[in-house]
Amino acid sequence: MNKFNKLHLEEIPVVFSCDDNYIPYLTVAIKSLIDNSSDKYFYLIYIFHNGISVPNQNVVRKFNNNNVKIQFINVKRKLSSLTKNLHLRDYYSESIYFRLFIPSIFKDYDKVIYLDSDMVILDDISKLYHIDLKDNLVAAVSDAVVALDDNLKDYVVNYVGVDKAEDYFNSGMLLMNVKAFKDAKIEERFIHLLNTYCFSTVAPDQDYLNALCKNRVLHLPSSWNKMMMDSKKEDELHIVHYNMFLKPWLYKGVRYEDYFWKYAVRTPFYFSLKQGQVDYSKEKQQEDLECSKKMVESALEFLQDDNSFKNVLALQQAE
C-alpha cells in the first residue's frame, strides 16, 4: 500500500512518459483522467522522464488530491544502457522507450496501465485496470494507421512478424501484465535485440513490443484507444488518442477535438494551446504530410532487409 494512500483504497497505477515539450498535453490527459475517476479507488500517476524541469513538475503536482497522487520517476540511469542504439525518427523522442521499463520498476504490482500523453480519458480508468489479462502480456488495441495502408500491413506481417495485420497493436495504451513480463524476460530480450541487431523500425518501441509480445496480446475494442485515423463510429468512448500528426492543438477540425478542449480549458496551458493552432504554419503542415509519406516509404525499404524481427526471432526459436 502506498504511503499516500491513507484511505486504504484499491490502487490503480497509471504511467505516462513525458518530456518538457509535452507537459501541456500531459496536463490535459491527467485532468481528464481525474475528472472521470471514482472515489472508490486511489489513483497513482507516475511520470517517467529524463529531466523534466522542476517548475513543470510543480505545475503537474497541483493536480494532486485526496485519491490522486502524482510522482515523477527519472529513468536516466535505465536509459543509459540503451542510448547508443536508440533509433528515433520524425517527431519521436527517447521517451517512447520508457514504457518498456515499467514491469521492472513496478515489481510489486500485478498490472500497470501505460498511457501516451496525447490522449483524453473519458471513462474511469479503473475499468481498464480490472480487465482480466489471463496469461497475456498486454491488453491493447489494433493500430488504426496500419489498417489503412496495404504497405504497412505488409511491413508488420513480414518485417515485425505478427501473424495478421490486425494483430499489430498500438502501444499508446497498454494494460501490462507485470509478472508475465518479468517471467518472459521482455526487458532483457528488448535490450539484447536493440544492442545486437539495430533493427530499422517504422514505429520504434511499438515494433519491439509487437515482436516480443506476439501471440500473448488481449485485443480490446477500439473504444479503449480511439485513434484519429479510425473513422468507425463508437457507441461508447473510453479513451481518445490524438496520435500521429492530427493534434487538436495544431489543427482545427480534428475528430473528437471537443473532448480535448473540454479538459484543456481547465489547465494552465489553455491559451498557449490555442495559440499553437494559430502559429502552426502551412510549411509545418506540409512537413507532416511528407513525414506520413516517408513512413510508408521506409516500411517498403525495410522490407528488403533480411535483418528483420521476424527472421531474427524465428532463428532464435529454432536454436
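Treat the numbers as computed from the prediction; the structure is a model and nothing was measured. (Residues numbered from 1 in each chain as written. Predicted model: local features only at pLDDT ≥ 70, side-chain atom pairs only at ≥ 80, totals over all residues. Heavy atoms only, no water.)

*Asks:* What should I look at first to understand the overall build of the protein in this one?
*Replies:* What the protein contains, in helices and strands, is 14 helices and 10 strands. Taking 319 residues into account, the globule formula puts the C-alpha radius of gyration at 20 Å, and the protein, at 19 Å, falls close to it. By the burial criterion, 57% of the 319 residues in the protein qualify as buried. Sequence separation of at least 24 residues holds for 78% of the intrachain contacts in the protein that already meet a minimum separation of 6. Accessible surface computed for the protein: about 14800 Å², of which carbon and sulfur atoms make up 49%. Each charge sign in the protein was given a centre, from 39 positive and 44 negative side chains, and these centres are 6 Å apart. (Helix = DSSP H or I, 4+ residues; strand = E, 2+ residues; numbered from the N terminus. Rg over C-alpha atoms; globule rule 2.2 N^0.38 Å. Buried < 20%, exposed > 50% of the residue type's maximum accessible area, 1.4 Å probe, protein only. Contact = heavy atoms within 4.5 Å. Areas by Shrake-Rupley, 256 points an atom, 1.4 Å probe, with all protein chains shown as cover. Lys, Arg positive; Asp, Glu negative; His and termini not counted. Charge placed at Lys NZ, Arg CZ, Asp CG, Glu CD.)

*Asks:* Explanation requested: the packing of helix 9 (residues 186–197) against helix 14 (residues 309–318) in the structure shown.
*Replies:* Axis separation between helix 9 and helix 14 bottoms out at 12 Å; the angle between their running directions is 120 degrees. Of the two elements, helix 9 crosses helix 14, and the hand of that crossing is right-handed. Contact with helix 9, carried on its side by Arg189, His192, Leu193 and Tyr197, involves Val312, Leu313 and Gln316 of helix 14 and no other residues of that element. (Axes fitted to C-alpha atoms, helices over the stretch in contact; angles between N-to-C directions. Left-handed = near helix turned anticlockwise from the far one by under 90°.)

*Asks:* What is the right way to read the pairing of strand 7 (residues 169–177) from this model?
*Replies:* Residues in a regular strand point their side chains to alternate faces of the sheet. For strand 7, the tally of buried residues reaches nine of nine residues, placing the bulk of the element in the interior. Bridge analysis of strand 4 (residues 111–115) against strand 7 gives five bridges, and the strand direction is antiparallel. Its bridge partner being in strand 7, Val112 is matched across the sheet by Met176. Judged from the four bridges that link them, strand 6 (residues 138–142) and strand 7 form a sheet pairing that is antiparallel. Each bridged residue has a counterpart across the sheet, and for Ala139 the counterpart in strand 7 is Leu175. (Pairing = 2+ DSSP bridges.)

*Asks:* I keep staring at the packing of aromatic side chains and nothing clicks. Help me out?
*Replies:* Each aromatic ring pair is characterised by the separation of its centres together with the angle its planes make. Under the definition given, this model contains 22 aromatic pairs. Relative to Phe309, the ring of Tyr159 lies with its centre 6.0 Å away and its plane at 85 degrees, an arrangement referred to as edge-to-face. Here Tyr159, found in helix 7 (residues 150–160), pairs with Phe309, found in helix 14; they are 150 residues apart in sequence, far enough to count as distant. For Tyr159, a relative accessible area of 1% translates into the label buried. Phe309 sits in the buried class, given a relative accessible area of 0%. Considering the side-chain rings of Phe199 and Tyr208, the 6.1 Å spacing of their centres and the 65 degrees angle between planes classify their relative orientation as edge-to-face. Its relative accessible area of 0% is what places Phe199 among the buried residues. Here the aromatic cluster, defined as three or more aromatic residues joined through ring pairs, consists of Tyr22, Tyr25, Tyr242, Trp249, Phe260, Trp261, Tyr270 and Phe271. Its end group placed over the ring of Tyr129, Lys111 keeps NZ or CZ at 4.9 Å from the ring centre. The side chain of Lys274 reaches across the aromatic face of Trp261, ending 4.2 Å from its centre. (Phe/Tyr/Trp six-rings, centres within 6.5 Å; stacked < 30°, edge-to-face > 60°. Lys NZ or Arg CZ within 6 Å of the ring centre and 35° of its normal.)

*Asks:* Teacher, can you tell me more about the confidence of the model for the protein here?
*Replies:* Close inspection of predicted coordinates is inappropriate for parts of the model with low pLDDT. Across the protein, the average pLDDT comes to 91, with 94% of residues at or above 70. Overall, residues 88–93 carries pLDDT values under 50, and its contacts beyond four positions in sequence, including any with other chains, amount to 16 contacts. (pLDDT = per-residue confidence, 0-100.)

*Asks:* Sorry, what's going on with the pairing of strand 1 (residues 10–17) here?
*Replies:* Judged by how many residues are buried, strand 1 sits mostly within the fold: seven of eight residues are covered. Taken together, the eight bridges between strand 1 and strand 2 (residues 41–49) define a ladder with parallel strand orientation. Looking at strand 2, one finds that Pro13 is bridged to Leu44. One crossover worth recording links strand 1 to the parallel strand 2 by way of helix 1 (residues 23–35), and it is right-handed. Looking at chain direction, strand 1 and strand 4 are connected through two bridges and run parallel. Bridge pairing links Val15 to Tyr114 in strand 4. (Right-handed = clockwise from strand over helix to strand, strands pointing away.)

*Asks:* I keep staring at the sheet that holds strand 7 and nothing clicks. Help me out?
*Replies:* Hydrogen bonds between backbone groups are what pair the strands of a sheet, and the pairing can be parallel or antiparallel. Taken in spatial order, the seven strands make up an open sheet running 3-2-1-4-7-6-8, and their pairing is mixed. The sheet is open, and its two edges are formed by strand 3 (68–74) and strand 8 (217–219), each paired on a single side. Going from strand to strand, the sheet's axes swing by 30 degrees on average, the running direction of each strand aside. Across the sheet, helix 2 (residues 54–61) is in contact with strand 2 and strand 3; its angle to strand 3 comes to roughly 160 degrees.

*Asks:* I'm lost on the sheet that holds strand 9 (residues 226–227) in this one. Help?
*Replies:* Spatial strand order, 5-10-9: three strands in an open sheet with mixed pairing. Looking at which strands have only one partner, the edges of the open sheet turn out to be strand 5 (119–121) and strand 9. Taken together, the two bridges between strand 9 and strand 10 (residues 239–241) define a ladder with parallel strand orientation. From the neighbouring strand, Lys226 faces strand 10, where its bridge partner is Val240.

*Asks:* Looking at this structure, how should I read helix 11 (residues 257–264)?
*Replies:* Think of an α-helix as turning once every 3.6 residues; residues three or four places apart then point the same way. Listed in full, the buried residues belonging to helix 11 are Phe260, Trp261, Tyr263 and Ala264. Down the axis of helix 11, the buried set is contained in an arc of 165 degrees. They therefore lie on one face. (Arc of directions from axis to C-beta.)

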